[in-house]
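The lines below spell out each chain.
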Amino acid sequence: MDADVAERAEIDPAQALGRRLEACYRRIYATAMADVPICNPALGIASTGFRTHGGRAFGIVTTPWFMNLVAADLPQGPSSAPAAAGTTLRVGLPAVEVGFIAGELDAIGRVDSCSLFSPVFEFATMEAALETAEEAARAFFDPARLEPSPAPPAAVNRRDLLRGHFRRCEEASE
């Protein structure tokens, strides 16, 4: 067996879908997003933390214009229930329920997205963006990371959540 074929056979289907999403967004960046001012030139395109949950692939996609948590049907898996593009869908993940916007991508099909950052000028380097993406991927799938403190937490937006706002509150109360 050829080394490339052996490597592809060992890739998790969710991670393989993450790589397909990277290729799709690279094409979009080279065409429709080329020279658009909302793009951060310090960033590239990457998929992070892709895993299977509930029969779909979930992970973080980082581009020069957004960082999204995405959900997509696995090629060999069951299809999701139909949803019109732009519809908000609530999905229960291990740590939290998340609102996704239904969409479609050529060559991929149904891709539901939850915006974490858009635009992404907060990130000076791709390394910083990937660290945030890795932390976000862990946070959505590890309920222990989001255990509430004994007192009810104040309202927290997604950016605070991803920056560890809950942890700082817990540490301050100890």
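In the block above lies the structure referred to throughout.
Here's what I pulled together on the structure shown here. Predicted, not measured: the structure shown is a model, and the values here were computed from it. Throughout, residues of each chain are indexed from 1 in the direction in which the sequence is written. Reporting in this predicted model follows two pLDDT cut-offs: at least 70 for local features of residues, and 80 or more for side-chain atom pairs to be given and counted; totals over whole chains, interfaces and linings ignore these cut-offs and use all residues. The basis for every side-chain value is the complete set of non-hydrogen atoms in the structure, without hydrogens or water.

### Some words on unusual backbone geometry
The condition that has to hold: Starting at the N terminus, helices and strands are each numbered in turn, a helix being any DSSP run of H or I of at least four residues and a strand any DSSP run of E of at least two. Working definition: with a 1.4 Å probe on protein chains only, accessible area under 20% of the residue-type maximum means buried, over 50% means exposed, and in between means partly exposed.
Backbone torsion omega between Ser118 and Pro119 reads -5°, so that peptide bond is classified as cis. For Pro119, the position within the fold is in the loop between strand S7 (109–117) and helix H3 (126–141). The phi dihedral of Asp35 falls on the positive side, at around 65°, and the residue is not glycine. Counting through the fold element by element, Asp35 comes out in the loop between helix H2 (13–30) and strand S1 (46–53). You can call Asp35 exposed: its relative accessible area is 82%.

### Quick look at the packing of aromatic side chains
Put simply, the rule reads: Classification of ring pairs uses Phe, Tyr and Trp, with its six-membered ring standing for Trp, and accepts pairs whose centres are within 6.5 Å; under 30 degrees between planes counts as stacked, over 60 as edge-to-face, and the remaining range as tilted.
Under the definition given, this model contains 7 aromatic pairs. Plain terms: the ring middles of Trp65 and Phe66 are 5.6 Å apart, the flat faces sit at 85° to each other, and that makes the pair edge-to-face. Given a relative accessible area of 9%, Trp65 falls into the buried group.

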